[in-house]
Amino acid sequence: MSEPMDRQHEIRAYLTRLSRAVEQVSTTDLVWVAETLERAYTQSRTLYLCGNGGSAATASHLAVDLSKNTRVPGRPPVRTMSLVDHVPSLTAWANDVSYDEVFTGQLAGLAEPGDVVIAITTSGNSPNVLHALRYARAHGITTVGLLGPDGGRARDLCDAYVLAPADSIEEQEDVHMALAHILTRHMKAYVRTDRAELAAAGAAAGV
C-alpha cells in the first residue's frame, strides 16, 4: 500500500516545486522580453528561434504559436522561423562544418539587422546557441533568451532574457513552455490592440 502513496508524494513534490518556480519568475524580465517582441513586430522584423533537445521542441512550438495563434484579420502576421526544424540544413552544417554552426550557418543566410534571435536553453552554455547569439550580436540582430536558473554564458549575450528558477531541467523546460504560451497570448493581444489603435487613428484623420 505504501508504493502508490510514494508515487503520489513524488508527483505532488514535483508539482509543488514547479508551482514555486513559476511564482518566482521575474515578471519585470518577462515584460522586457515581451516589449522586445513588440518592437520587432512593429518594425516588421523576423524572429528566429533555436535550442537543443527539449528546448528545440519548445523553440519549434513557440515558432508555430507565434506565427499562427497571433493572427488577426487585417494585420500582418508575426514573422517567425524555427532554426531547429530544417533537418537537411541542420545535418549539412553539422556534418560538413560543425554542430556548433547549425544555427549560425542558417542565420548567416537569412537574418538581417533588426531581426531577433530567441535562444531557449536550460544550461545557457550550449556551444551552438552561444555561437548563434554571438553572431547575432555582431550583425545588429537583437538577442533574447529563455534561460535556466542562472542563465549560463548566454545571459551576457542576451539583450533581454527571462530565467526559469527551477531545480531540475524538466521543471525549467516546463517553465519555458509556460513562458512561451504567455508570450504568444501577449503578442496576440498586442497585434489586436495595434489594429484597433490604427483604426482609431485612421478614423480621427478622416481616412
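Residue indices begin from 1 for each chain and proceed along its sequence in written order. Only residues with pLDDT of at least 70 are given local features in this predicted model, and only at 80 or more are side-chain atom pairs given and counted; all residues enter the totals for whole chains, interfaces and linings. For the side-chain quantities, the full set of heavy atoms in the structure was used; hydrogens and water were omitted.

(A) Region of the structure containing the nonpolar core. Leu47, Phe103, Leu107, Val117, Ile118 and Leu133 are the most contacted members of the largest nonpolar core, which totals 57 residues. Excluding residues within four positions of it along the chain, Leu47 makes contact with Leu37, Ala40, Leu66, Val78, Arg79, Thr80, Met81, Val116 and Ile118. In this text, buried Ala, Val, Leu, Ile, Met, Phe, Trp, Tyr and Cys residues form a nonpolar core when linked through side-chain atoms within 4.5 Å. Exposure classes here rest on a 1.4 Å probe applied to the protein chains alone. A residue is buried below 20% of its type maximum, exposed above 50%, and partly exposed in between. We call two residues contacting when some pair of their heavy atoms lies within 4.5 Å.

(B) Examining a positive patch on the surface more closely. On the surface, Lys68, Arg185, Lys188 and Arg192 cluster together into a positively charged patch. Looking at the positive patch element by element, the count peaks at 3 residues for helix 7 (residues 169-204). Secondary-structure assignment places Lys68 in helix 3 (residues 54-68). Like-charged residues are merged into a patch within 9 Å and nonpolar side chains (Val, Leu, Ile, Met, Phe, Trp, Tyr) within 5 Å, provided each residue has over 30% relative accessible area and no salt bridge. Only the protein chains shown count as cover for residues, and all accessible areas are computed by the Shrake-Rupley method using a 1.4 Å probe. Salt bridges are defined by distance alone: a side-chain nitrogen of Lys or Arg within 4 Å of a carboxyl oxygen of Asp or Glu. For the purpose of counting charges, residues Lys and Arg are taken to be positive, whereas Asp and Glu are taken to be negative. His and the chain ends are not included. Each charge is placed at NZ for Lys, CZ for Arg, CG for Asp and CD for Glu. Strands are runs of DSSP state E lasting at least two residues, helices are runs of H or I lasting at least four, and both sets are numbered from the N terminus onward.

(C) Molecular detail of the pairing of strand 2 (residues 79-82). Residues of strand 2 alternate between two faces, with Thr80 and Ser82 buried on one and Arg79 and Met81 left unburied on the opposite face. Each pair of strands is called paired provided DSSP finds at least two bridges between the two strands. Inspection of the sheet shows strand 1 (residues 46-51) paired to strand 2 by 4 bridges, in the parallel sense. For Leu49, the partnering residue across the bridge sits in strand 2 and is Ser82. Taking the sense of rotation as the criterion, the β-α-β connection linking strand 1, helix 3 and strand 2 turns out right-handed. When the strands point away from the viewer and the path from the first strand over the helix to the second turns clockwise, the crossover is right-handed.

(D) Examining the pattern of salt bridges more closely. Tallied over the full model, the rule gives 4 salt bridges. A salt bridge links Glu171 to Arg17; the nearest nitrogen and oxygen atoms lie 2.8 Å apart. Highlighted residues: Glu171 in helix 7 and Arg17 in helix 1 (residues 2-24), separated in sequence by 154 residues. Arg17 gets classed as partly exposed once you look at its relative accessible area, which sits at 28%. We note a salt bridge from Glu112 to Arg45, for which the minimum N-O separation is 3.3 Å. Here Glu112, found in the loop between helix 5 (104-110) and strand 3 (116-121), pairs with Arg45, found in the loop between helix 2 (27-42) and strand 1; they are 67 residues apart in sequence, far enough to count as distant. The partly exposed category is assigned to Glu112, whose relative accessible area is 46%. Residue class for Arg45 comes out buried when judged on its relative accessible area of 18%. The network of salt bridges with common partners includes Arg45, Glu112 and Asp115.

(E) Region of the structure containing the sheet that holds strand 5 (residues 160-163). Read from one edge of the open sheet, 5 strands run 2-1-3-4-5, paired in parallel fashion. With one partner strand each, in any of the chains shown, strand 2 and strand 5 form the two edges of the open sheet. Direction aside, the axes of adjacent strands within the sheet are offset by 15 degrees on average. As judged from the 5 bridges shared by strand 1 and strand 3, these two strands associate in the parallel manner. Bridge pairing in strand 3 links Cys50 to Ala119. Packing of helix 2 onto the sheet brings it into contact with strand 1, strand 3, strand 4 (142-147) and strand 5, and relative to strand 5 it is tilted by some 140 degrees. Where helix 6 (residues 127-138) meets the sheet, it contacts strand 1, strand 3 and strand 4, and its direction lies at approximately 160 degrees from that of strand 3. Axis definition: a line fitted to C-alpha atoms, limited for helices to the stretch in contact. Angles are taken between N-to-C directions and run from 0 to 180 degrees.

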